[in-house]
Amino acid sequence: MTRMQLGIFRAPDLSPGGRVIERTAVRGVLFRGPELLLLTSRHGDYKFPGGGVEPGESFDQALRREFREECGYDGIAVGRELTTTREEVPAIDAEYDVFAMTSHYFACTGGTPGVGQTLEGYEADLQLAPVWVTVGEALAANRAVRDSGVGVMRWLAREIAVLEWLSERSR
């Protein structure tokens, strides 16, 4: 697989320009045979494990921390970067107009379950849980949730694009 940026997902109602707050995130792509370790929510959608890189953290450190917190997995080995995405949405913080996040997706291997999840408030509210699922199953579920309009999470466009990209490469 060759690293490439899959696209920019910009909220349609977002005005051009404005004050931008930037966030960098890392996300893990961990396969076990044909199945991928993803997080499912109470809405039935799937997202890749990962999140924001904290000050002073390397991408590797942040991704290993996120696997531990979100999936309860330790011992993840972070490999090469596969792709990136960029999202631009209205900022929640009144000091800014745009929240822009670049997500870096990395191939991962290894890992052992058993440390238990440590979810943030919104993650616990969504009842995020780690599951092994095929790319096709996750893609179909995310499209169905997106199309239903129920519980549409802002990450659906991003995760659908990455799942489609992975699906094309596995053919």
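Above this note sits the structure.
Given the structure is predicted, the values throughout are model-derived calculations rather than measurements. (Residues numbered from 1 in each chain as written. Predicted model: local features only at pLDDT ≥ 70, side-chain atom pairs only at ≥ 80, totals over all residues. Heavy atoms only, no water.)

Some remarks on the overall build of the chain
Here comes step 1: Each helix and strand counted, the chain has four helices and eight strands in total.
Here comes step 2: Counting from the amino terminus, helix and strand elements in the chain follow one another as β-β-β-β-β-α-β-β-α-β-α-α.
Here comes step 3: A compact globule built from 171 residues should have a C-alpha radius of gyration of about 16 Å, and the chain, at 16 Å, falls within 12% of that.
Here comes step 4: On the principal axes, the C-alpha backbone points of the chain span a range of 45 × 40 × 35 Å.
Here comes step 5: Buried positions account for 44% of the 171 residues belonging to the chain.
Here comes step 6: Put simply, of all contacts in the chain between residues at least 6 apart along the chain, 74% involve residues at least 24 apart.
Here comes step 7: A gap of 4 Å separates the mean positions of the 19 positive and 25 negative side-chain charges of the chain. (Helix = DSSP H or I, 4+ residues; strand = E, 2+ residues; numbered from the N terminus. Rg over C-alpha atoms; globule rule 2.2 N^0.38 Å. Buried < 20%, exposed > 50% of the residue type's maximum accessible area, 1.4 Å probe, protein only. Contact = heavy atoms within 4.5 Å. Lys, Arg positive; Asp, Glu negative; His and termini not counted. Charge placed at Lys NZ, Arg CZ, Asp CG, Glu CD.)

Notes on the packing of helix 3 (residues 135-148) against helix 4 (residues 156-169)
Here comes step 1: Axis separation between helix 3 and helix 4 bottoms out at 10 Å; the angle between their running directions is 150 degrees. By the angle between their axes, helix 3 is roughly antiparallel relative to helix 4. For the crossing formed where helix 3 meets helix 4, the hand is left-handed. From helix 3, Val 135, Ala 138, Leu 139, Asn 142, Arg 143, Val 145 and Arg 146 reach across to helix 4, where they touch Leu 156, Glu 159, Ile 160, Leu 163, Glu 164, Leu 166 and Ser 167.
Here comes step 2: Looking at side-chain class alone, the contact of helix 3 with helix 4 contains eight nonpolar, two polar and four charged residues. (Axes fitted to C-alpha atoms, helices over the stretch in contact; angles between N-to-C directions. Parallel < 35°, antiparallel > 145°, perpendicular 65-115°, else oblique. Left-handed = near helix turned anticlockwise from the far one by under 90°. Nonpolar A, V, L, I, M, F, W, Y, C, P; charged D, E, K, R; others polar.)

Brief notes about the environment of Phe 48
Here comes step 1: Summarising the element assignment, Phe 48 is placed in the loop between strand 4 (46-47) and strand 5 (50-52).
Here comes step 2: Apart from the residues lying within four places of it in its own chain, the contact partners of Phe 48 are Arg 27, Gly 28, Val 29, Leu 36, Leu 38, Leu 39, Glu 70, Tyr 105, Glu 159, Val 162, Leu 163 and Leu 166.

So, the pattern of salt bridges
Here comes step 1: Applying the stated criterion to the full structure yields 15 salt bridges.
Here comes step 2: Residue Arg 23 is joined to Glu 54 by a salt bridge in which the shortest nitrogen-to-oxygen separation is 3.6 Å. Taken as a pair, Arg 23 in strand 2 (residues 20-32) and Glu 54 in the loop between strand 5 and helix 1 (59-71) lie far apart in primary sequence, 31 residues in all.
Here comes step 3: A residue is classified by how much of its surface remains accessible, and Arg 23, at 28% relative accessible area, is partly exposed.
Here comes step 4: Glu 54 gets classed as partly exposed once you look at its relative accessible area, which sits at 36%.
Here comes step 5: A salt bridge links Arg 65 to Glu 69; its shortest N-O distance comes to 3.3 Å. With Arg 65 and Glu 69 both in helix 1, this residue pair falls four residues apart, about one helical turn.
Here comes step 6: In this structure Arg 65 comes out as buried when scored by relative accessible area, which is 14%.
Here comes step 7: We classify Glu 69 as partly exposed; its relative accessible area is 22%.
Here comes step 8: Here the residues in one salt-bridge network are Glu 57, Arg 65, Glu 66 and Glu 69, joined through shared partners. (Salt bridge = Lys/Arg side-chain N within 4 Å of Asp/Glu carboxyl O.)

Things to note about the packing of aromatic side chains
Here comes step 1: The final tally for this structure, using the stated rule, is three aromatic pairs.
Here comes step 2: Geometrically, the ring pair formed by Phe 48 and Tyr 105 is edge-to-face, given 5.3 Å between the ring centres and 90 degrees between the ring planes. Placement of the pair is Phe 48 in the loop between strand 4 and strand 5 and Tyr 105 in strand 7 (residues 98-113), with a sequence separation of 57 residues. Exposure class is identical for Phe 48 and Tyr 105. Each is buried.
Here comes step 3: Each ring, one from Tyr 73 and one from Trp 132, has its centre 6.5 Å from the other, and the planes form 65 degrees; the classification is edge-to-face. Linking Tyr 73 in strand 6 (residues 73-90) with Trp 132 in strand 8 (residues 129-134), this pair joins segments that are 59 residues apart in sequence. (Phe/Tyr/Trp six-rings, centres within 6.5 Å; stacked < 30°, edge-to-face > 60°.)

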